[in-house]
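Structure assessment
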Amino acid sequence: TFYIEPLKINKLGVRASDTFVLTPTPQPKDDFQEELVIRPLHSGDIYASFQFRTLWETDFMRENKVSHYRLFPKSLGQVISKFSVRELHISFTQGYWRTMQWGQPFLPSPPGAELWVWFQDSVTDVDAAWKELTNVLSGIFCASLNFIDSTNTVQPSASFKPLGIVNETDHRFLRYATLPREIVCTENLTPWKKLLPCGSKAGLAVLLKSEKLFHSSFFSQTVHIRPVCQDRECKTTSWELRQTLNVVFDLHTSGQGKREWSLFKMFSRTLTEACPLASSSKIYIDVTDNPQEEYFELSPATPLLSQAVVLGDRRTFSVYDLTQQVTFGTVRSLNLLIRWKSTEGECSMLRPLLHAERYVAGYGLQTGEIHTVMYNNHPFRSFPVLLLDSVPWYLRLYIHTLTVTSKGKDNTPSYIHYQPSKDRMRPHLLEMLVQLPPHSVTEVTVQFERALLKWTEYTPDPNHGFYVGSSVISALVPSSVAMDTNITQEQPLFSSFFPCKEESSYFVRVYTEPLLVNLPTPDFSMPYNVICLTCTVVAVGYGSLYNLLTRSFQIEEPNPRLAKKIANFIRRIRGVPLLS
Amino acid sequence: VAYLCFYSVQLSNMLAAIIMLIFICFCVHFQNTAGQFFSSGHTNNWAVLVCTSRFWFNYRHVANTLSVYRSVKRLGIPDSHIVLMLADDMACNHRNPKPATVFSHRNMELNVYGDDVEVDYRGYEVTVENFLRVLTGRLPPSTPRSKRLLSDDRSNILIYLTGHGGNGFLKFQDSEEISNVELADAFEQMWQKRRYNELLFIIDTCQGASMYERFYSPNIMALASSQVGEDSLSHQPDLAIGVHLMDRYTFYLLEFLEDIHPASKSNMNDLFKVCPKSQCVSTPGHRTDLFLRDPGSVLITDFFGSVRKVEITMEAIHLTDPILQLEDGEEVQEKTYSYVDQLPVSEIIHQKPKQKDWHPPDGFILGLWTLILLVFFKTYGIKHLKHIF
């Protein structure tokens, strides 16, 4: 392909040259990378995290629309340009991430569906754009995202700062919503796989088979779109699309109790080639706990080793490069095998520094209390956390009962933002900046009252309960190892998601469990019962009374019998008085 | 003169004969075109497959719908032309011992859920209102394309409903019902809006025949799994999963459809014979009086498959020169971008409260101030007014 160089016109308005120079067009600057990180967990389970990243240097916001898509999926590109989206983060999760047993995930996500979007400054009506965007995304991902409306959307004032490049952050352009009830199944995975450049035909996406992925303790698929720096100077930006899939396979349900994991056992497939459109395709196995191969062995062996600082810890990884033909060996397929040598105990896991729980206390269907418990496991450092709570309107919170206690003493938050709910219009929003003392447990409690809904507002299965979305706790956790702030060095994808501004701490987001709350539910067969009872009462009670009052009694001669009739007839003929 | 008369009569006879001949030719021609007119004149196929039951013990209704979905996809209708509505999720239900699968045969022989499924309406979205809106096309403007039935007057539509029903109604999700009158009216709306060419309606519920009794729009053929007063029964339970897997009528329908391939010539009369009373226990019924063509001439693939009209051409097509994209002049950016601090503590603490939109004072406040002013002037007299204004 060729392009015509712009005509060079000098100051006098005269053309410098009349000839056209034909040079080849610069290649479209898009790039696709894929990677898989496998981390054996201390409980015997295994954690696999897929990341697919497409980088594209283009401008979706310019007037003449982008029409030539190569690696970037067209459906998402059109969504970005139509709704003037600056950042989009959507996740679908089944299961809850157990931080105390599994450590911190590379990319956290709450159970159900979560969507948060930063719009461009040029958008005039953010709420209308948000409503249309949720409908379009529900069609793309085959999910019920159209249930996101004003009753479960909030506008956080301090949490969820943009993860990409931005000029200024005005929280009026941010919207956050979560659907804790949303189910994830193959119908969500199918369109997600179709967004990848190679689809599910080549590369790492070949391993994504739904029958194995959904038979797991935790499954999460996400899409993140944001503008990122292209190089160190950061003078130009390019759009980044990250699709991640995190799954934790259980030792007993998927592993049959045996502590031996292989790609075939986890995914029922092996790898035969990298995606031809990918510039890099790698598998990382976390071998930090296994420096001299004393606990488990890895086959086929690989000479490549890599170190990365991720989540405040320096980890060592064995690397398999799928773009090299030698990785596949003579059998032309790669089936990684991790076999544990003995069942003895191992060194203890690095305790996660921040951990949170949430539960509902109280009894009955009138009132209750929400408790959010945050654990700071650092021995001597305290750090601030930002807690975001979005509670639906039908749980009426009494904010005067809000208490924050650490180690038994009152702990006043340094920043509170509370937006009260409006019945059937918007939910409660509570954001607090709390300083967690070292090695402590902080408890946030607030009492609430349950509302009675209108009978048309109940779901078809109301006795299941109503869900309250997870709380989000964002924190900068002090790190024991110096974090890498160089944003452009060749980093594995899993360590370069959250931008790192300082070396001594790393950003982490923890989600609590969603709550399941029973609301006072009427008996829906009651209208029928009431009609029957009322009609019976009216018929028996009122009917009897009416008859008693309005019935008049008359004396009636009984009909004479036949013999008497004949006798009377004869007597009449004879002229004799009749029988009575 | 006699000769002239004779000739004129002969001429007029001949003329009449010629006219008659031409007229007969025309008639034959018209019959041919009429025949063509009434033969299947559809150009695209759509399918609306609805499962209306919720809860785990209604697994078989989801399996019914998915087996028809699977057949319809196999015979050529693409996902963009199928509107699949499942009222509950059975595949990833926590009670399913084999997640991401829905089986139709015992011993887990056939997984009808598959690996490439797109459900358009799921869970609480499957309501009577949404179903009728899909049929009539009266959806809110922000509805995505995959959730719309974009049929035209040359579309053949297959509509399959399954769930719990009774005499004259079908239950949606245990909380609402659709009656046969409503359904008939919806089809009439579709006919008046020219939203279908021909429609095949299949229903697998108890007393299913009552649902098609009230249809009055042309070009509808209906099948039901049982007559009024009869119950449709389920087929076989699977002891590992613990529920009944399929309903009898759809089970034998699936077996029948598995033998159909995109080029097969089976017609509707074979479909009417599916599941006789010996196999189904209930008596399947059908209704063809509203349908203009003879059911024997209607192919199964007219509704279950997809028409692909291929036009073969031998001429070469000349491609134009590629559109040249002019590169914008390189603007030298002086600004450096940077990432934002994720938790700027000092900024958050000193954040100014959001500027609230100014609202005019509420009625209560106005009344309160009026009362205060009234009391003031009552007590102190009106002459103080000049000090205020």
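Residues numbered from 1 in each chain as written. Chains lettered and ligands numbered in written order. Predicted model: local features only at pLDDT ≥ 70, side-chain atom pairs only at ≥ 80, totals over all residues. Heavy atoms only, no water.

Looking at an unreviewed UniProt entry, one finds chain B named GPI-anchor transamidase, with Nothobranchius furzeri as its source organism. UniProt annotates chain B under Pathway (unreviewed entry) with the comment "Glycolipid biosynthesis; glycosylphosphatidylinositol-anchor biosynthesis." Here is the UniProt Subunit (unreviewed entry) comment for chain B, exactly as written: "Heteropentamer. Part of the GPI-anchor transamidase complex, consisting of PIGK, PIGT, PIGS, PIGU and GAA1. Interacts with GPAA1. Interacts with PIGT; this interaction, via a disulfide link, stabilizes the expression of GAA1 and PIGK and links them to PIGS." (UniProt positions renumbered as here; feature names shortened; annotations may be inferred.)

In the nomenclature of an unreviewed UniProt entry, chain A corresponds to Phosphatidylinositol glycan anchor biosynthesis class T from the organism Nothobranchius furzeri.

A count of helices and strands for chain A gives eight helices and 28 strands. In terms of overall dimensions, chain A is more spread out than a globule: its C-alpha atoms have a radius of gyration of 35 Å, far above the 25 Å expected for 580 residues. For chain A, the C-alpha atoms occupy an extent of roughly 150 × 75 × 60 Å along the three principal directions. Taking all 580 residues of chain A together, the buried fraction comes to 52%. Of all intrachain contacts in chain A linking residues separated by at least 6 positions in sequence, the fraction that spans at least 24 positions is 74%. With the model as given, the accessible surface of chain A reaches about 27700 Å², and the carbon-plus-sulfur share is 54%. (Helix = DSSP H or I, 4+ residues; strand = E, 2+ residues; numbered from the N terminus. Rg over C-alpha atoms; globule rule 2.2 N^0.38 Å. Buried < 20%, exposed > 50% of the residue type's maximum accessible area, 1.4 Å probe, protein only. Contact = heavy atoms within 4.5 Å. Areas by Shrake-Rupley, 256 points an atom, 1.4 Å probe, with all protein chains shown as cover.)

With that settled, consider the overall build of chain B. A tally of regular secondary structure across chain B gives 11 helices and 10 strands. When each of the 389 residues of chain B is scored for burial, the buried share is 46%. Summed over its atoms, the accessible surface of chain B is roughly 21800 Å², and 59% of this surface lies on carbon and sulfur atoms.

The partner chain A presents 65 residues to the 49 residues of chain B that form the contact. Summed over both partners, the interface of chain B with chain A comes to about 5100 Å²; 58% of that surface belongs to carbon and sulfur atoms. Considering only the surface of chain B that becomes buried against chain A, R122, Y339 and Q342 of chain B emerge as the three largest contributors, covering 18% of it. On inspection of chain B and its partner chain A, the count reaches six salt bridges. Note that D116 of chain B is salt-bridged to K194 of chain A, the shortest N-O span being 3.4 Å. Linking chain B with chain A are 22 residue pairs in polar contact (both at pLDDT 80 or more). Here the side of chain B that touches chain A takes four residues from helix α9 (residues 345–349) of chain B, the largest share from any one element. Residues of the side of chain B that touches chain A, tallied by class, amount to 21 nonpolar, 13 polar and 15 charged. (Buried area = accessible area lost by both parts, 1.4 Å probe. Salt bridge = Lys/Arg side-chain N within 4 Å of Asp/Glu carboxyl O. Polar contact = N/O pair within 3.5 Å; in protein donor to acceptor, adjacent residues only side chain to side chain. Nonpolar A, V, L, I, M, F, W, Y, C, P; charged D, E, K, R; others polar.)

A separate point is the environment of P392 of chain A. Residue and element names in this part refer to chain A. Mapped onto the elements of the fold, P392 is located in the loop between β19 (383–391) and β20 (395–406). Residue P392 is classed as buried on the basis of its relative accessible area, which comes to 12%. For P392 and L533, which are 141 residues apart along the polypeptide, the C-alpha to C-alpha distance reads 37 Å. Not counting residues up to four positions away in its chain, the partners in contact with P392 are P427, H428, Y467 and V468.

Moving on to the state of the cysteines. Within this structure, the stated rule accounts for four disulfides over all chains. C198 of chain A shares a disulfide with C275 of chain A; S-S distance 1.7 Å. Measuring the twist about the S-S bond at about 75 degrees, one finds the C198 of chain A-C275 of chain A disulfide to be right-handed. Linking C198 of chain A in the loop between α4 (186–194) and α5 (210–213) with C275 of chain A in the loop between α6 (263–267) and β12 (280–286), this pair joins segments that are 77 residues apart in sequence. Linked covalently through their sulfurs, C275 of chain B and C280 of chain B form a disulfide whose S-S length is 1.8 Å. Between C275 of chain B and C280 of chain B, the S-S dihedral sits near 100 degrees, and the bridge is therefore right-handed. C275 of chain B sits in the buried class, given a relative accessible area of 3%. Exposure remark for C280 of chain B: the relative accessible area of 1% places this residue in the buried category. The thiol sulfur of C535 of chain A is not disulfide-bonded, and the nearest other cysteine sulfur, from C532 of chain A, lies at 7.1 Å. For the unlinked cysteine C206 of chain B, the closest cysteine sulfur is that of C280 of chain B, found at 12 Å. Look at C206 of chain B and you get buried, because its relative accessible area is 19%. (Disulfide = S-S within 2.5 Å.)

The subject of this paragraph is the packing of helix α1 (residues 74–83) of chain A against helix α3 (residues 126–141) of chain A. Helices that pack against each other are described as a pair by the angle of their axes relative to one another and the distance between those axes. All names here are of chain A. The N-to-C vectors of α1 and α3 enclose an angle of 175 degrees; their axes lie 11 Å apart at closest approach. Classed by the angle they form, the pair α1 and α3 counts as roughly antiparallel. Across the interface between the two elements, S75, V79, K82 and F83 from α1 touch A129, E132, L133, V136 and I140 from α3. A class-by-class count of the residues in the contact of α1 with α3 yields six nonpolar, one polar and two charged. (Axes fitted to C-alpha atoms, helices over the stretch in contact; angles between N-to-C directions. Parallel < 35°, antiparallel > 145°, perpendicular 65-115°, else oblique.)

We now examine the sheet that holds strand β16 (residues 337–340) of chain A. Residue and element names in this part refer to chain A. One open sheet holds the three strands; their spatial order is β11-β16-β13, and the pairing between them is antiparallel. Two strands close off the open sheet at either side, each with one partner strand: β11 (260–262) and β13 (296–299). Direction aside, neighbouring strands of the sheet carry axes that sit 10 degrees apart on average. Sheet analysis places β11 next to β16, joined by three bridges and oriented antiparallel. Counted as the bridge partner of E260 is R339 from β16. (Pairing = 2+ DSSP bridges.)

This next bit is on the sheet that holds strand β26 (residues 472–478) of chain A. Residues and elements named next belong to chain A. The sheet built from five strands is open, its strands ordered β22-β23-β19-β26-β27 with antiparallel pairing. Either end of the sheet is taken by a strand with one partner, and the two such strands are β22 (415–419) and β27 (505–511). The average angle at which neighbouring strand axes cross in this sheet is 15 degrees, direction not considered. Sheet topology places β26 next to β27; seven bridges connect them, and they run antiparallel. Bridge pairing in β27 places I473 opposite V510.

So, on to the nonpolar core. In terms of nonpolar packing, the biggest core is built from 160 residues, with F119 and I283 of chain A together with L66, L200, L271 and F304 of chain B touching the most fellow members. Look past the residues within four positions of I283 of chain A in its chain and what remains in contact with it is L36, L204, L271, S318, V319, Y320, L322, L334 and L336 of chain A. By size, the runner-up hydrophobic cluster in this structure holds 55 residues, among which are M374, F383, F466 and V477 of chain A. (Core = buried A, V, L, I, M, F, W, Y, C linked by side-chain atoms within 4.5 Å.)

This part is about the environment of A184 of chain B. Residue and element names in this part refer to chain B. Looking at the secondary structure, you find A184 in helix α4 (residues 180–192). With 82 residues separating them in the primary sequence, A184 and S266 have C-alpha atoms 28 Å apart. Each residue touching A184, except ones within four places of it in the same chain, is listed here: R214, F215, Y216 and S217.

Here we come to the pattern of salt bridges. Applying the stated criterion to the full structure yields 36 salt bridges over all chains. Between E187 of chain A and R122 of chain B there is a salt bridge, with the nearest N and O atoms lying 2.8 Å from each other. One end of the pair, E187 of chain A, is in helix α4; the other, R122 of chain B, is in strand β3 (residues 121–122), on a second chain. For the pair shown, E187 of chain A and R122 of chain B are each scored as buried. Between R242 of chain A and E240 of chain A there is a salt bridge, and its shortest N-O distance comes to 3.3 Å. Here R242 of chain A falls in the buried class, since its relative accessible area comes to 1%. Through salt bridges with shared partners, a single ionic network connects R39, D286, D289, D313 and R315 of chain A.

For the rest of this paragraph, the subject is the packing of aromatic side chains. A complete count under the given rule lists 39 aromatic pairs over all chains for this structure. Aromatic pair F160 of chain A and Y176 of chain A: ring centres 4.6 Å apart, planes at 25 degrees, arrangement stacked. Taken together, the residues F160 of chain A in the loop between β7 (153–154) and β8 (174–179) and Y176 of chain A in strand β8 connect sequence positions 16 residues apart. A centroid spacing of 5.2 Å and a plane angle of 50 degrees characterise the contact between F376 of chain B and Y380 of chain B, whose relative ring orientation is tilted. Of the two residues, F376 of chain B and Y380 of chain B both sit in helix α10 (residues 363–380), four residues apart, roughly one turn of that helix. Using a relative accessible area of 32% as the deciding quantity, one classes F376 of chain B as partly exposed. For Y380 of chain B, a relative accessible area of 49% puts it in the partly exposed group. An aromatic cluster is built from Y47, W97, W102, F106, F218, Y284, F317 and F494 of chain A, whose rings are joined through pairwise contacts. Cation over ring: K265 of chain A sits above W261 of chain A, and NZ or CZ is 5.3 Å from the ring centre. (Phe/Tyr/Trp six-rings, centres within 6.5 Å; stacked < 30°, edge-to-face > 60°. Lys NZ or Arg CZ within 6 Å of the ring centre and 35° of its normal.)

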